[in-house]
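Secondary and tertiary structure notes
Read off the chains here:
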Amino acid sequence: MPAYNEGENIASAIADFKAQPTVDEIIIVNNNSSDNTKRLAQEAGAVVVDETLQGYGYACRRALREGRGDYIILVEPDGTFDANDVEKLLAYSNDFDFVIGTRTAKEMIWEGANMDAFLKWGNWSVAKLIEILYNGPSLTDVGCTYRLIKREALEKIQGKFTVGASHFSPEMMILAIKSNIPMIEIPVNYKERRGESKITGKKWPAFKLGLTMIKTTLSYKFKR
């Protein structure tokens, strides 16, 4: 779990995932939080590591490096994702090495969740761009941060990450497709969070992030 000032949510998120019998270890990457995120995470029983390079991508990359399991799940600590969906990701991992969640299935979007039409169709559009440009699997959500990857698959792409900011998600997806990693996208529950999202809480920053994701998607098309 990459975490930046998640003191309001971190303890309950850790408790939810600790309650899952298939979860062996919870790692919190504290990304220069100025609140009590680190202390609360330690008190809740998580392994806490500090990542001083500021940015969502840097925190995710550190989290992936720190995980020691054969199956590694990347997830937000903000309470928007359902810990019970771990079993769903694991079920699909029997056939796929990379299982990505999508928050765009309307039946799975809870009341109050931060997924209005602007965000839903924006995420869908960039995901479809990746699918078309790279002949990938069916994709409907470029920004979902609930995903499972097997260790041997992660090792194929870990040394290729370059993004340290909030557009890390599409880079990971593109690298997986280009590395011929078997992958699939499945719907996951998406719930209301306490507090405002630091990335998509306001439309203008979310719009600029979408443009950056498009730029990243197009640029990778010409990389070898």
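Read on for a plain summary of the structure. (Residues numbered from 1 in each chain as written. Predicted model: local features only at pLDDT ≥ 70, side-chain atom pairs only at ≥ 80, totals over all residues. Heavy atoms only, no water.)

Grouped together as the largest cluster of nonpolar side chains are 36 residues, with contacts concentrated most on L64, F98, I149, I157, F161, F168 and M172. Breaking this core down by element, the ones donating at least two residues are strand 2 (27–30), helix 3 (56–66), strand 4 (71–74), strand 5 (98–102), helix 5 (117–134), helix 6 (151–157), helix 7 (168–178) and helix 8 (203–220). Here this core gets 7 residues from one element, more than from any other, and that element is helix 7. In terms of nonpolar packing, the next biggest core, distinct from the first, is built from 28 residues, M1, A3, A83 and V188 among them. (Core = buried A, V, L, I, M, F, W, Y, C linked by side-chain atoms within 4.5 Å. Buried < 20%, exposed > 50% of the residue type's maximum accessible area, 1.4 Å probe, protein only. Helix = DSSP H or I, 4+ residues; strand = E, 2+ residues; numbered from the N terminus.)

A separate point is the pairing of strand 4. Side chains I72 and L74 of strand 4 all project onto a buried face; the interleaved residues Y71 and I73 project onto a face where none is buried. Across 4 bridges, strand 4 lies against strand 6 (residues 147–150) in antiparallel orientation. The partner of L74 across the bridge, within strand 6, is R147. (Pairing = 2+ DSSP bridges.)

So, on to the sheet that holds strand 4. Spatially, 4-6-5-7 is the arrangement adopted by the 4 strands of the open sheet, whose pairing is mixed. Of all the strands in the sheet, just strand 4 and strand 7 (183–187) have a single pairing partner and so form its edges. In this sheet, neighbouring strand axes are inclined to one another by 20 degrees on average, regardless of whether the strands run parallel or antiparallel. (Axes fitted to C-alpha atoms, helices over the stretch in contact; angles between N-to-C directions.)

All right, on to the environment of F96 then. In this structure, F96 sits in the loop between helix 4 (85–92) and strand 5. For the pair formed by F96 and L148, sequence separation is 52 residues and the distance between their alpha carbons is 9.7 Å. Setting aside residues no more than four positions away along its own chain, F96 makes contact with K150, P182, M183 and I184. (Contact = heavy atoms within 4.5 Å.)

With that out of the way, let us pick up the sheet that holds strand 2. Reading across the sheet, the 3 strands line up as 1-2-3 and stay open at both edges, with parallel pairing between neighbours. The sheet is open, and its two edges are formed by strand 1 (2–3) and strand 3 (47–50), each paired on a single side. Note that strand 2 and strand 3 share 4 bridges and pair parallel. Directly across from V29, in strand 3, lies its bridge partner V49. Where helix 3 meets the sheet, its contacts fall on strand 1, strand 2 and strand 3, and the angle it forms with strand 2 comes to roughly 145 degrees.

Turning to the packing of aromatic side chains, a few remarks are in order. The tally for this structure, following the rule as stated, stands at 5 aromatic pairs. Ring centres of F17 and Y146 lie 6.2 Å apart, and the angle between their planes is 75 degrees; on these two criteria the pair is classed as edge-to-face. One end of the pair, F17, is in helix 1 (residues 10–18); the other, Y146, is in the loop between helix 5 and strand 6, with 129 residues separating them in the sequence. No difference in accessibility class separates F17 from Y146, as the two residues are buried. Aromatic side chains W121 and W124 sit 5.6 Å apart centroid to centroid with 75 degrees between the ring planes, which places their arrangement in the edge-to-face category. (Phe/Tyr/Trp six-rings, centres within 6.5 Å; stacked < 30°, edge-to-face > 60°.)

Where charged atoms from two side chains of opposite charge approach closely, those side chains can pair. In this structure the tally under the stated criterion is 9 salt bridges. Here E51 and R62 are joined by a salt bridge, their closest N and O atoms 3.3 Å apart. Here the residue E51 occupies a position in the loop between strand 3 and helix 3, and R62 occupies one in helix 3, the gap between them amounting to 11 residues. Of the two residues, E51 and R62, both sit in the buried class. Through salt bridges with shared partners, a single ionic network connects E51, R62, R65 and E66. (Salt bridge = Lys/Arg side-chain N within 4 Å of Asp/Glu carboxyl O.)

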